[in-house]
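# Summary of structural features
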Amino acid sequence: MAALPPAVAKLLKPYSPAVRALAAEARALVLATLPAAQEQVDPADHLLAYGDGLKMKDVVCVIMPLTVGVNLLLANGTALPAMCA
């Protein structure tokens, strides 16, 4: 697995190795599926956001690490096929 950008690694550091690995795998999947997505690290909300831009309305999905797992949240899920082209 490739090294994570410093900001992403810092966000994930407090979590267990298993959660960090799962979050890194989810991140790799999101970036492979949406290669043009802009990644935003949000330390205040403990999440990684991905979208077409840097505004909340541009967010396509969010990776949220938790104590025992990772949530992958999808915004406007019905629009994903068009965005993944």
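Residues numbered from 1 in each chain as written. Predicted model: local features only at pLDDT ≥ 70, side-chain atom pairs only at ≥ 80, totals over all residues. Heavy atoms only, no water.

Moving on: the pattern of salt bridges. Taken as a whole and assessed by the stated rule, the structure comprises two salt bridges. Note that E39 is salt-bridged to R27, the shortest N-O span being 2.6 Å. Placement of the pair is E39 in strand β1 (residues 38-42) and R27 in helix α2 (residues 17-33), with a sequence separation of 12 residues. For E39, a relative accessible area of 27% translates into the label partly exposed. For R27, a relative accessible area of 13% translates into the label buried. Residues D58 and K57 are paired through a salt bridge, measuring 3.6 Å at the closest nitrogen-oxygen approach. Since its relative accessible area comes to 66%, K57 is described here as exposed. (Salt bridge = Lys/Arg side-chain N within 4 Å of Asp/Glu carboxyl O. Helix = DSSP H or I, 4+ residues; strand = E, 2+ residues; numbered from the N terminus. Buried < 20%, exposed > 50% of the residue type's maximum accessible area, 1.4 Å probe, protein only.)

Here we come to the pairing of strand β4 (residues 70-74). Pairing geometry for strand β3 (residues 59-65) and β4, over five bridges, is antiparallel. Paired with P65 across the two strands is V70, which belongs to β4. Connecting the antiparallel pair β3 and β4 is a turn made up of four residues. (Pairing = 2+ DSSP bridges.)

Looking now at the nonpolar core. Counting residues in hydrophobic clusters, the biggest one holds 16 residues, and the most contacted among them are A23, V30, L34, L48, Y50, I63 and V70. Elements supplying a minimum of two residues to this core: α1 (6-12), α2, β2 (47-51) and β3. The element contributing the most residues to this core is α2, with four residues. (Core = buried A, V, L, I, M, F, W, Y, C linked by side-chain atoms within 4.5 Å.)

Just distances and angles here, no functional claims.
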